[in-house]
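Reading the structure
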Amino acid sequence: MSVTRTPTSLTQGSRTKGGIGESTLRPDGTLKVTGEFAYASDLWHEDMLWGFTLRSPYAHARIVSVDIAEALATAGVETVMTYADLPAETRYGLEIKDTPVLADGVVRCHGEPVALVAADHPETARRAAAKIKVEYAELPVVVDEESATGPGAPLLHPGRSDHHAGHVPHPNIVHRQPIVRGDVAAAKARADVVVSGDYEVGMQDQAFLGPESGLAVPAEDGGVDLYIATQWLHADLGQLAPVLGLPEDKVRMTLSGVGGAFGGREDLSMQAHACLLALRTGKPVKIVYNRFESFFGHVHRHPAKLHYEHGATKDGKLLYMTCRIVLDGGAYASSSPAVVGNAASLSVGPYVVDNVDIEAIALYTNNPPCGAMRGFGAVQACFAYEAQMDKLAAELGMDPVEFRRRNAMAQGAVMPTGQVVDSPAPVAELLRRVKAMPLPPERQWLSAGSPGGSVDVRALPGGLSNTTHGEGVVRGVGYAVGIKNVGFSEGFDDYSTARVRLEVVAGQPVAVVHTAMAEVGQGGVTVHAQIARTELGVSQVSIQPADTRVGSAGSTSASRQTYVTGGAVKHACEAVRARALELGRAKFGTYHPAWARAELLLEGGKVVTDGGEVLADLVDVLGDEAVDIELEWRHRPTQAFDLVTGQGFGHVQYSFAAHRAVVEVDTELGLVKVVELACAQDVGKALNPQSVVGQIQGGTTQGLGLAVMEEIVVSEDGRVRNPSFTDYLIPTILDTPTIPVDVLELADDHAPYGLRGVGEAPTLSSTPAVVSAIRAATGLALNRVPVRPEHLTGT
Amino acid sequence: MDFLRPASWEEALAAKAEHPTAVPIAGGTDVMVEINFDHRRPEYLLDLNRIGELYEWEVGERDVRLGAAVPYTRIMDHLRAELPGLALASHTVGSPQIRNRGSVGGNLGAASPAGDAHPALLAAGADVEAVSVRGTRLIPVEEFYTGVKRNALEPDELIRAVRIRKADGPQAFSKVGTRNAMVIAVCAFGLALHPGTRTVRTGIGSAAPTPVRARAAEDFLQAALAEGGFWDSGRIITPSVARQFAELAAGACNPIDDVRGSAEYRRHAVAVMARRTLGWTWDAYRGNERSASCA
Amino acid sequence: MRVNFTVNGRPQEADDVWEGESLLYVLRERLGLPGSKNACEQGECGSCTVRLDGVPVCACLVAAGQVEGRAVDTVEGLADYAGRRSAGGRAGTARGTDIDEARRWQARPPGARTAELSPVQQAFIDAGAVQCGFCTPGLLVAADELLERNAEPSDADIREALSGNLCRCTGYEKILDAVRLAAARADRAEEAV
């Protein structure tokens, strides 16, 4: 048996010589443009079966009975599995093991997996699943704070014993994080203006384009090989092995091509299901979700309700802030506790406010489970505090950018958690930069050369739908800035592992980099090759497929991979270099006194002194020997937040981005055209400038989506109403404006190369900037995103 | 499921007569979605791709006889002069890829209230050529839509063509969606001026169980235009007339609240689109009048 | 049922096709051509864009039985397609493939890819228009067809032509860059001739 399409190792040769700081091209680019790159859904195996998942149509119900007889008797069906067939542990979870592999007598959300089918064709599997008779008895649902924590509320997880159970005020609250600092009451007494507001953020979906998929192949040793699209192989493994009842070394995972992630692949989806079916049938099993199923297959961004109050002096100095942030975590915990920690600790935004009283909670409800999505708790807070900043500026009759500038944090500022920001925090400078960019010309829909004549509807609100030729269209400009943490926080042991090998192949020195980092599109593989070239002075770098044969790389999330796995690769390269130099000293040390120096470099395939004198060819230094080192690398440790005061050195690094949005609103129809979305961001050091800009533009566009169109709509009974790309809309190229990007590089001395995590910050400020611009155009309050035409037209 | 591949129109009619439950498929842009998402498992699929005449059109004296499967892209490229409203509507259908496959026949067959072609057909005036082995009948398009996703076709009938009145005056089409491309209509409005008969016709999409004409609005506007001598004078339509026309158009709606939009918004938006499309078409009419009188 | 058609200039036969199967499924699961992607299967993302008798369509919405006797071109054949176009005028509509050409065609074995790319493919790599890459095959087919009929598209033309292809990673800016780059390079190549 052989897997005919599996991940390929990516070798980049002399065509791309660049080290860090250059916009080298992706090593997987050619495979991706020729259609040969093997995404998880592209895998194929002889005798492969197709798995299919039967899901609950109800948000909360007791399963009275399940009858699989007819499904099992269907021609072409190999097996049908339910809760009763699970071999070992029946629950899993990132932080709290509360998620059933298959429903165990109760379903707690719409779309919860109830049974699995494996068959010879996807249609056979679907037809068989339709023949499974499940009798449900509907239970009352809890869908918001009132229903979840009110008297007599049904408990989602009675008898909780997780590490948050002891301190939460109600068992339907996953986690609660307060932060108190200073004296709010005293500050309030001194405030000249007080502004408050209630804000709401809808449920956003990651909507990565490559649906959940993978191929599980049973092995002769009783184990299983899983080819999978995920964000974190080892976290999957740690949850998966106990469910399969196998030791971790019997579950071998290899990363397949990942079609985007954005947080949505941090939790397990079909991993356990495919492995269970494969182990049971003894045949390879492939599961590929379609778009409908994908909406149920992963967690979403927490919808949030936020109450904020700020007080300021009349000359525009913030005195205090209080807020209460209620995140809907849905039926299972996923990463809700960490999202709570982020929302609370970043709730002030990139501003200096000495007196705060903050509370953030996540609820258990019967709504769809929510967890990680780009921005992770900081997105929701940023929408609210930036709306507050605009309100305060208006109240004070002050320019909104000037007001923000007066309160902007800088290096040395103290976070509400008491943490001192000990690297550059150029918040005022980022705002200055976006404001200084030239504004796009007005009325661009009037085609050049035909004054007052023909109209290009593609440049107008409504676009191709031809709703306006300029009637009702008003321009608005808005600003926002945000703060995001980088890396895993609150004392988490956030490390990564890299294995680097240096050897001579076909007369050339070659570096081989092996990590378990999930390349989900962000370009980590590009950066690893650049780091290896810079550190080892070779042009040929081979990036091995990510798998569990090497230690954990941690998650491709929290803007952390370039920092942490990049750091691990750098560190491993340094160790390899030191070893190579030892070899050189042993072989050639007596020929030249410079060998005795500590500062020797590897450049252009040679050992050179810092003065540029060549001591030896790397090829001769290595000879037949390969230097091969695997090691772990950690960023400096963080601390958990105090459960009462919220104080603690919680975050390893912060990143900042600012946006200016220019929108044109058809005020009569409530349709919005974002004309331009300029961004300035500090990235510490751009290891690959082209990729950095790509991350900023992509993150910006997801923020735009949340501002004006993206929301999973959940009915009052907890059911998802729009699980399709027909009704869950993400921006097309005609919705997306030009996105000029100004990249600032102020090194963070704590980080490898001084870099700063890039991926998430632009997703934060994009949304409030767009909404601020719509407010400027319409004069409306707009306290909820996504902004809908109904909100703009009062209908 | 069986896949029927008739090579000619006659074979297709015979197959439909033999298997009345057969679902015709041309562009597949509706039917395949339903199959891919397991919403529908028809006993028979009746492929119309091999029937050349369905992809042709004839421009006659009064009508364009538009083959049922002519893709929207071809309407945009080749029939903009004869069928300006439908060409505009075609341009709002799905994506370029969808416009390369989808057709007016498919829109009619699906009879979704959100179909983009319907308001343009209603405004222009059209008859659906419904054919079976029993013969051909012409169904006025306003009688064709009988309910949500239901139409007046008999089980053995197929749509051969749509006979659409050639434009004798300016036409407009406008559609609201919450995205600037590739979006299903929240609601839509089509308007056609017919200076020859001094009439106006309208079509509303996605704001009632079926596509509908705003008859009261049409009647009102025709009367107002006649009484005010607007057709002859080519004067700007008074804002109060435009406003009342818009209100009456909104009054013709019978919308629902759904995930795409509220009923109230749909009424409101139809009114705005009615007013705007009236402005655009009347401006065009006045422009034409003026250039005609100058010449 | 059995379906015979031409894919990337080469005759293909798919057997035991379920009547409800899409062209996309047949390409991906039966013919070993998974380059066309399965992101939405409802015509709302463009990831499965292929050319059917030269016309860009969503392969997920074409019933397999409908392609009987017709010509399909996918991302896997894009370089060859572009090559034929530059060699002999338009490669577009409903061309036949002579038998020698069909015999010469082969899937490039992995490892032996000396990167024979079409201009638009190269431009996507160079401009940084590829991140996760899932939307890339569909975008390439659509962009290539745009440049075939409009050698100097305006930004609005590019946006309109690609408005049926969703990308979730890039924010589209670098995709625009890539199409502009491909157009500019073609222009320069033209001048050089």
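The shown structure was predicted, so the numbers you read here are calculated from the model rather than taken from an experiment. (Residues numbered from 1 in each chain as written. Chains lettered and ligands numbered in written order. Predicted model: local features only at pLDDT ≥ 70, side-chain atom pairs only at ≥ 80, totals over all residues. Heavy atoms only, no water.)

Focus: the domain arrangement of chain A
The accessible area lost on association of the parts is a frequent measure of interface size. Residues and elements named next belong to chain A. Taken domain by domain, chain A holds domain 1 (42-139 + 211-258 + 265-297), domain 2 (145-205 + 301-380), domain 3 (426-488 + 649-793) and domain 4 (495-634). Computed from C-alpha atoms alone, the centre-to-centre distance between domain 1 and domain 3 is 38 Å. Residue-level contacts link 10 residues of domain 1 with 10 residues of domain 3. Across the domain 1 to domain 3 interface the summed buried area is about 850 Å²; carbon plus sulfur atoms make up 73%. The largest share of the area that domain 1 buries against domain 3 comes from H110, R291 and F295, three residues that together contribute 54% of it. Counting across the interface, domain 1 meets domain 3 through 2 residue pairs in polar contact (both at pLDDT 80 or more). Taken together, the residues of the side of domain 1 that touches domain 3 break down into 7 nonpolar, 1 polar and 2 charged. (Domains from an automatic or database assignment. Contact = heavy atoms within 4.5 Å. Buried area = accessible area lost by both parts, 1.4 Å probe. Polar contact = N/O pair within 3.5 Å; in protein donor to acceptor, adjacent residues only side chain to side chain. Nonpolar A, V, L, I, M, F, W, Y, C, P; charged D, E, K, R; others polar.)

Some details on the UniProt feature "domain: Aldehyde oxidase/xanthine dehydrogenase a/b hammerhead" (unreviewed entry) in chain A
Per the UniProt record, the feature "domain: Aldehyde oxidase/xanthine dehydrogenase a/b hammerhead" (unreviewed entry) sits at residues 34-140 of chain A. Annotated as residues 34-140 of chain A, this span is 13% helix and 36% strand, and its ends, taken at the C-alpha atoms, are 51 Å apart. (UniProt positions renumbered as here; feature names shortened; annotations may be inferred. Helix = DSSP H or I, 4+ residues; strand = E, 2+ residues; numbered from the N terminus.)

Description of the sheet that holds strand β18 (residues 318-328) of chain A
All names here are of chain A. The strand order across the open sheet formed by 6 strands is β10-β19-β18-β17-β11-β32, and the pairing between neighbours is mixed. In this open sheet, the two strands that pair with only one neighbour each are β10 (173-181) and β32 (784-785). Relative to β18, strand β17 (residues 304-312) runs antiparallel, the two being bridged by 9 bridges. Among the inter-strand pairings, K305 is bridged to a residue of β18, identified as V326. Each of β10, β18 and β19 (355-363) is contacted by helix α9 (residues 336-345), which is oriented at about 20 degrees to β10, the strand it contacts most. (Pairing = 2+ DSSP bridges. Axes fitted to C-alpha atoms, helices over the stretch in contact; angles between N-to-C directions.)

Some words on the state of the cysteines
Residues and elements named next belong to chain C. Under the defined criterion, the tally for this structure stands at 0 disulfides over all chains. The thiol of C60 is unpaired, and the distance to the nearest cysteine sulfur, on C48, comes to 3.8 Å. No disulfide involves C169; its sulfur sits 3.9 Å from that of C132, the nearest cysteine. C169 gets classed as buried once you look at its relative accessible area, which sits at 6%. (Disulfide = S-S within 2.5 Å. Buried < 20%, exposed > 50% of the residue type's maximum accessible area, 1.4 Å probe, protein only.)

Quick word on the nonpolar core
Within soluble globular proteins, side chains that are nonpolar generally end up buried alongside one another. With 144 residues, the main nonpolar core has A:V251, A:L502, A:L536, C:F124 and C:L162 as its most contacted residues. With 10 residues, helix α14 (residues 561-588) of chain A is the largest single contributor of residues to this core. If we ignore the near neighbours within four places in the chain, the residues touching A:L536 are A:V500, A:L502, A:A511, A:C573, A:V576, A:R577, A:L602 and A:L618. With 99 residues, the next largest nonpolar core counts A:A333, A:I358, A:A413 and A:A678 among its residues. (Core = buried A, V, L, I, M, F, W, Y, C linked by side-chain atoms within 4.5 Å.)

Topic: the domain arrangement of chain C
All names here are of chain C. One can read the domain layout of chain C as domain 1 (3-104) and domain 2 (119-192). At the junction of the two partners, domain 1 supplies 22 residues and domain 2 supplies 16 residues. Contact with domain 2 buries area across many residues of domain 1, yet R51, V75 and L78 alone supply 30% of it, more than any other trio. Our count for the domain 1 to domain 2 interface comes out at 4 salt bridges. Salt-bridge contacts for R85 lead to E148; the nearest nitrogen and oxygen are separated by 2.5 Å. Inspection of the domain 1/domain 2 interface yields 6 residue pairs in polar contact (both at pLDDT 80 or more). Listing elements by their share of the side of domain 1 that touches domain 2, those giving two or more residues are β3 (49-52) and α2 (78-87). When residues in the side of domain 1 that touches domain 2 are grouped by element, the largest group, 5 residues, is from α2. Residue classes in the side of domain 1 that touches domain 2 are distributed as 9 nonpolar, 8 polar and 5 charged. (Salt bridge = Lys/Arg side-chain N within 4 Å of Asp/Glu carboxyl O.)

Things to note about helix α16 (residues 689-708) of chain A
For α16(A), built from 20 residues, the straight-helix expectation of 28 Å at 1.5 Å per residue is met to within 8% by its first-to-last C-alpha distance of 29 Å. Among the 20 residues in α16(A), 18 count as buried, and that is most of the element. (Expected span 1.5 Å × (residues − 1).)

Side note on a negative patch on the surface
Residues and elements named next belong to chain C. On the surface, E152, D187, E190 and E191 cluster together into a patch of negative charge. Inspection of the secondary structure assignment puts D187 in helix α7 (residues 173-192). What makes D187 partly exposed here is its relative accessible area of 34%. (Patch = residues over 30% accessible without salt bridge, like charges linked within 9 Å, V, L, I, M, F, W, Y side chains within 5 Å. Areas by Shrake-Rupley, 256 points an atom, 1.4 Å probe, with all protein chains shown as cover. Lys, Arg positive; Asp, Glu negative; His and termini not counted. Charge placed at Lys NZ, Arg CZ, Asp CG, Glu CD.)

Observations regarding the interface of chain C and chain B
Contact residues are listed per partner, giving 34 residues for chain C and 29 residues for chain B. Together, the buried faces of chain C and chain B total about 2400 Å²; carbon and sulfur atoms form 56% of this surface. The largest per-residue losses of area from chain C upon contact with chain B belong to C:E19, C:L61 and C:Q66, which jointly make up 25% of the total buried on that side. For the pair chain C and chain B, the number of links is 2 salt bridges. Close ionic contact of C:E44 with B:R179 constitutes a salt bridge, the shortest N to O distance being 3.6 Å. Linking chain C to chain B there are 13 residue pairs in polar contact (both at pLDDT 80 or more). Those elements that place two or more of their residues in the side of chain C that touches chain B are β3, β4 (55-58) and α6 (155-161) of chain C. Broken down by element, the side of chain C that touches chain B gets its largest block of residues, 4 residues, from β4(C).

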